[in-house]
Amino acid sequence: MENNDQKKKLLTGLGIMAAASVAIIACSGPAYDSMSKIGRVQGTESIYTPGTYEAEAQGFGGPVKAVVTVDDANITTLDITGESETPEFGGKAISSLKADILKNQTIELDSISGATITSDAVKEAVGKALAKARGEEVTEETVPATADAGEGTYAPGTYTAQVRGMKAMTVSVTFDENAITDIQVDHEETEGIGSPVVESMTKEILELQGLGLDAVSGATLTSNAMIEGVAECARQAGADVDALMAIKPAPKEKEADQELETDVLVLGAGGAGMAAAVTANQNGKEVIVVEKTSQMGGNTILAGGALNAVDDGSETALSNNDSVEHHFNQTYEGGDKQGDPELVHILTDNAWDGVEWLKSLGMEFQPGTFTVTGGMWQRAHKPVEPEGIGFFKTYQAYMDAHEGITMMYNTKAEELIVENGAVVGAVCTGETGNKVTVKAKNGVVLATGGFGQNVEMRMAANEETKLWPSLDEAIPSTNTSAITGDGIRMAEAVGADLVQMGNIQLLPLGDPNTGSLSGNIEHAVESRIFVNINGERFVNEGGRRDEMTLGLFAQPETTMFIIMDSDGYPTGEELNNFGETINSLVADGRAYKADTLEELAEQIGVPAENLTAAVEEYNRHCLGGDLEGQPDEFGRTLFTDSGKENNGINNPPYYAAERVPTVHHTMGGVKINGNTQVIDKNGEVIPNLFAAGEVTGGIHGSNRLGGNALTDTVVFGRIAGEQASASESGIKGQ
């Protein structure tokens, strides 16, 4: 693994990365090796003839030109132009890479998400110019090989590209002279989110014989990775990629407007929405669920799966020295006492009943409990299925066995219908642009999620608290692209009060390229430490999420590494909380592995003496250390779990993974009471309107405990489903 000293990433450009995918061209052979060598800039000796040098490379839409000025050892100025590149992706890639190349004095940089072809053209052009500056001969052999298509559209054969959606993907495309004949994708995209998109887009591209497809709402990373991968394979086959991107499917014929009626209407098919829908159906009600994306899941399906709940008085609770009261106190105090005590009590008092309910529906959990990042205590329950997949398999299994729940996907709720002061339904837009009006005889449940992917909303909200240095587009998010605050705006339009909108949670655990939690190597708080790019610890890794992330913002380049040993990965094939093995993450270059801490330090580019000192001092507080159990200099007290499985960082091989800040949860939103009824600005109940999940505010306060979000979806989703079932809108059935 190469030294990472020159690969530290600023947050500049991460907004682009959060919106798309990273792709790495699968090229090999002498041509590519030559390009790699001429692009390596040392900056430590006289290696250039001072002057200005020019070179070009083929980008996405046309040539990309680099004008490089050097002194005897460094790049001093750099100008890159690509008039035919797309402004939204290619233009931003040119700007971002120009800054990074000048800063790092190397072209050995990751390609920019969603603009891989442009990125590689930039690096190739700069590399060729630098080769000229070294007096080396530059020929077309420097360029990664592209097949000659002759008189056909493609050079027949099978071509491969490695791309990144939510996780690493390998796209293999087979062409004859005039057609794409087969697409095979090796991937581990999230089941229920990315995986269906891979399947559907494969079929669409083969049918369309073009790449002008829109990204699937809620699965932008996977969508863009698919298009990027096939585009790169087509480029290798000698095709005109620009022409392929211009081929778009014919507009779908607009369907007739619809007017529907049900007992309970649920807006949003995430964790809270589906808990409400199933509960309402268990109460004998017909339910329609409106979801603007093509599948259920929301943010819940991307979560690590941790669900906080205490079975009061049980052996597990006693062994963990835990109780429902302790869970309440940590939740309330962990949010700086800004949460409504009534709502916090409802959350913690009903958490275990929620687990029991899920089990009654067939959901399985792993034995025992663990401490999730920012969870403050060992009370999180981990489903057998990775991420949040188990919740939706459980809800789908219920629907398969029971009638009465109708799912309306690709349908976006636009506004709530109010009659005689009560909310009686919603006006929606269907997949083909048709108007869909749904009225509910009982109640309407708002479960549309927060606003983590709405940059304008989160920047405005941050002005209330000014907690974060910035929440602009440079800060990525763990959320799906569909989480844009729709329900909050709809509720506000009918008079709902909004509370604590400025309470926005960031995590220090974002993937540097996508902002997602995928690739997070930790299993539990007790298993790891964080170090900055100087190899030094800087925060209590067992503390509050806001404190950890603010600590990261204060570090050089706003970048850190998770450091751990093999306690949680005895074979390397064990899964993290996102269904990934550490072996696969290392192979993909998303994690690092070494037999010694010194070797690990070299791989991640931090001073070995600092890393070893940080680990040695940390181990003193772990099981068997001379300061065992005592708080360390950062106030950390969580060093060893109750099972004694994690007891210091001392069992090679050692692992590391790079992480950056990422927007995770918006704690502010629609004000509700204990019955999940939405409250207006005068403090009165809005009849027949209920809300649950991240669309609501006032539960978690200024900082949400890790593991409480999924508890929130189950507890308040169930209450909303039950209360909506008992409500009467006044609408009479047809």
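Look up: the structure comes first, before these words.
Criteria and cut-off values
Once a new chain begins, its residue numbering starts again from 1 and follows that chain's sequence as written. Residue-level local features of this predicted model are given only where pLDDT is at least 70; pairs of side-chain atoms are given and counted only at 80 or more, and the full residue set underlies all totals for whole chains, interfaces and linings. Note that the side-chain values use all heavy atoms of the structure and ignore hydrogens as well as water. Starting at the N terminus, helices and strands are each numbered in turn, a helix being any DSSP run of H or I of at least four residues and a strand any DSSP run of E of at least two. Only protein chains enter the accessibility calculation, which uses a 1.4 Å probe; a residue is then buried when its area is under 20% of its type maximum, exposed when over 50%, and partly exposed in between. Only heavy atoms matter for contacts: two residues are in contact if any of them lie within 4.5 Å across the pair. With residues, only the protein chains shown are counted as cover, and all accessible areas are computed by Shrake-Rupley using a 1.4 Å probe. In short, DSSP must find at least two bridges between two strands for them to pair. Note on method: axes are straight lines fitted to C-alpha atoms, helices fitted across the in-contact stretch only, with angles between N-to-C directions ranging 0 to 180 degrees. If an angle is under 35 degrees, it is roughly parallel; if it is over 145, roughly antiparallel; if it lies from 65 to 115, roughly perpendicular; otherwise it is oblique. Handedness of a crossing follows from how the near helix is turned relative to the far one, being left-handed for an anticlockwise turn of less than a right angle and right-handed for a clockwise one. Only Asp, Glu, Lys and Arg are considered charged, only Ala, Val, Leu, Ile, Met, Phe, Trp, Tyr, Cys and Pro nonpolar, and every remaining residue, Gly among them, polar. Polar contacts, as counted here, are pairs of nitrogen or oxygen atoms within 3.5 Å of one another; within protein the pair requires one atom able to donate a hydrogen and one able to accept it, and residues that are adjacent in sequence qualify only if both atoms are side-chain atoms. Nonpolar side chains (Val, Leu, Ile, Met, Phe, Trp, Tyr) are joined into patches within 5 Å and like charges within 9 Å, using only residues with over 30% relative accessible area and no salt bridge. Just to be clear on terms, a salt bridge is a Lys or Arg side-chain nitrogen sitting within 4 Å of an Asp or Glu carboxyl oxygen. The positive count covers Lys and Arg only, the negative count covers Asp and Glu only, and His and the chain ends enter neither. To locate a charge, take atom NZ for lysine, CZ for arginine, CG for aspartate or CD for glutamate. To be clear, the arc concerns the directions from the helix axis to the C-beta atoms. To estimate the expected span of a helix, count its residues, drop one, and scale the result by 1.5 Å. Centres within 6.5 Å are what make two rings of Phe, Tyr or Trp a pair, Trp counting through its six-membered ring; a difference in plane orientation under 30 degrees is then read as stacked, over 60 as edge-to-face, and the rest as tilted.

Along the chain, the regular secondary structure elements total 20 helices and 25 strands. Burial statistics for the chain: of 734 residues in total, 60% are counted as buried. For the chain, the proportion of contacts with a sequence separation of at least 24, taken over those separated by at least 6, is 72%. Looking at the chain as shown, the accessible area adds up to about 27400 Å², and 46% of this sits on carbon and sulfur atoms.

This part takes up the sheet that holds strand 22 (residues 669-671). With mixed pairing, the three strands of this open sheet are ordered in space as 16-22-25. With partners counted over all chains shown, the strands left at the sheet margins are strand 16 (498-499) and strand 25 (696-697), one partner each. The sheet contact formed by strand 16 and strand 22 spans two bridges and is antiparallel. Among the inter-strand pairings, V499 is bridged to a residue of strand 22, identified as G669.

So, about the packing of helix 10 (residues 324-334) against helix 11 (residues 341-349). Relative to each other, helix 10 and helix 11 sit at 135°, their axes nearing to 9 Å. Considering the angle they form, helix 10 stands oblique to helix 11. For the pair helix 10 and helix 11, the crossing hand works out as right-handed. On the side of helix 10, the interface is formed by V324, H327, F328, T331 and Y332, while helix 11 contributes P341, V344, H345, L347, T348 and D349. In terms of residue class, the contact of helix 10 with helix 11 is made up of six nonpolar, four polar and one charged.

This next bit is on the pairing of strand 18 (residues 528-532). Within strand 18, five of the five residues are buried, which leaves the element mostly enclosed by the surrounding structure. Neither face of strand 18 is left uncovered, since the one carrying R528, F530 and N532 and the one carrying I529 and V531 both have all their residues buried. Here five bridges tie strand 18 to strand 19 (residues 560-564), and the two strands are oriented antiparallel to one another. Residue N532 lies in a different strand from strand 19, and its bridge partner there is M560.

What follows is about the side chain of T514. Inspection of the secondary structure assignment puts T514 in the loop between strand 17 (504-510) and strand 18. With a relative accessible area of 1%, T514 lands in the buried category. In this structure the side chain of T514 is engaged in a polar contact, spanning 3.0 Å, whose partner is the side chain of S516.

As a further point, take a negative patch on the surface. A surface patch of like charges, here negative, comprises D595, E598, E599, E602 and E616. Among the elements that take part in the negative patch, helix 18 (residues 597-604) stands out by supplying three residues, more than any other. Assignment of secondary structure puts D595 in the loop between strand 20 (592-594) and helix 18.

Turning our attention to helix 18. Taken as a whole, helix 18 has its buried residues at L597, L600, A601, Q603 and I604. One face of helix 18 carries all of its buried residues, which in axial projection span an arc of 160°. Turning to helix 18, the residues buried within the fold contact strand 19, strand 20, helix 19 (608-619) and strand 21 (654-666). Trailing helix 18 by a residue or two, G605 shows a phi angle of about 80°, which is positive.

This paragraph deals with the side chain of N308. Structurally, N308 can be placed in strand 10 (residues 307-308). Assessed through its relative accessible area of 1%, N308 is described here as buried. Among the polar contacts made by the side chain of N308, one reaches the main-chain carbonyl oxygen of G706 at a distance of 2.8 Å.

Here the focus is the pattern of salt bridges. Inspection of the entire model under this criterion finds 29 salt bridges. With a shortest N-O distance of 2.8 Å, K252 and E431 are connected by a salt bridge. Residue K252 is found in the loop between helix 7 (241-245) and strand 8 (258-267), and its partner E431 is found in the loop between strand 14 (422-429) and strand 15 (435-446); the two are separated by 179 residues along the sequence. In this structure K252 comes out as exposed when scored by relative accessible area, which is 56%. With a closest N to O distance of 2.9 Å, D486 and R489 form a salt bridge. Taken together, the residues D486 and R489, both in helix 15 (residues 486-493) and three residues apart, mark about one turn of the helix.

Attention shifts here to the pairing of strand 17. Counting buried positions over the seven residues of strand 17 gives seven, a clear majority of the element. Bridging between strand 17 and strand 21 involves five bridges; their strand directions are antiparallel. For L506, the partnering residue across the bridge sits in strand 21 and is V663.

In an α-helix, one full turn covers 3.6 residues, which means residues spaced three or four apart are oriented alike. The terminal C-alpha atoms of helix 13 (residues 389-401), which comprises 13 residues, lie 19 Å apart, in line with the 18 Å expected from a rise of 1.5 Å per residue. For helix 13, every residue scored as buried is listed here: I389, G390, F391, F392, T394, Y395, Y398 and M399. In the core, the buried residues of helix 13 are packed alongside helix 8 (271-282), strand 10, helix 12 (351-360), strand 12 (405-408) and helix 20 (708-726).

For the rest of this paragraph, the subject is the sheet that holds strand 4 (residues 75-81). Strand order in the open sheet formed by three strands is 2-3-4, and the pairing between neighbours is antiparallel. Strands with a single pairing partner mark the edges of an open sheet, and in this sheet they are strand 2 (51-58) and strand 4. Each strand of the sheet is rotated relative to its neighbour by a mean of 15°, with strand direction disregarded. Both strand 3 (residues 63-70) and strand 4 contribute to a ladder of six bridges, which runs antiparallel. Of the residues in strand 4, the one forming a bridge with V68 is L78. Across the sheet, helix 4 (residues 116-133) lies against strand 2, strand 3 and strand 4, angled at about 145° from strand 2, the strand it touches most.

Okay, the packing of aromatic side chains next. Tallying each qualifying case throughout the model produces eight aromatic pairs. Aromatic pair Y159 and F175: ring centres 5.9 Å apart, planes at 55°, arrangement tilted. On the criterion of sequence distance, the pair formed by Y159 in strand 5 (residues 157-164) and F175 in strand 6 (residues 168-175) is long-range, its members being 16 residues apart. Owing to a relative accessible area of 3%, F175 belongs among the buried residues under this scheme. One aromatic cluster in this structure is built from Y154, Y159 and F175.

Contact geometry for helix 5 (residues 194-208) and helix 6 (residues 220-236): axes closest at 9 Å, N-to-C directions at 40°. It follows from the interaxial angle that helix 5 and helix 6 lie oblique. Viewed along their axes, helix 5 and helix 6 form a crossing whose handedness is right-handed. Across from G194, V197, V198, M201, T202 and I205 in helix 5, the residues of helix 6 making contact are T222, S223, M226, I227 and V230. Its residues assigned to classes, the contact of helix 5 with helix 6 shows seven nonpolar, four polar and no charged.

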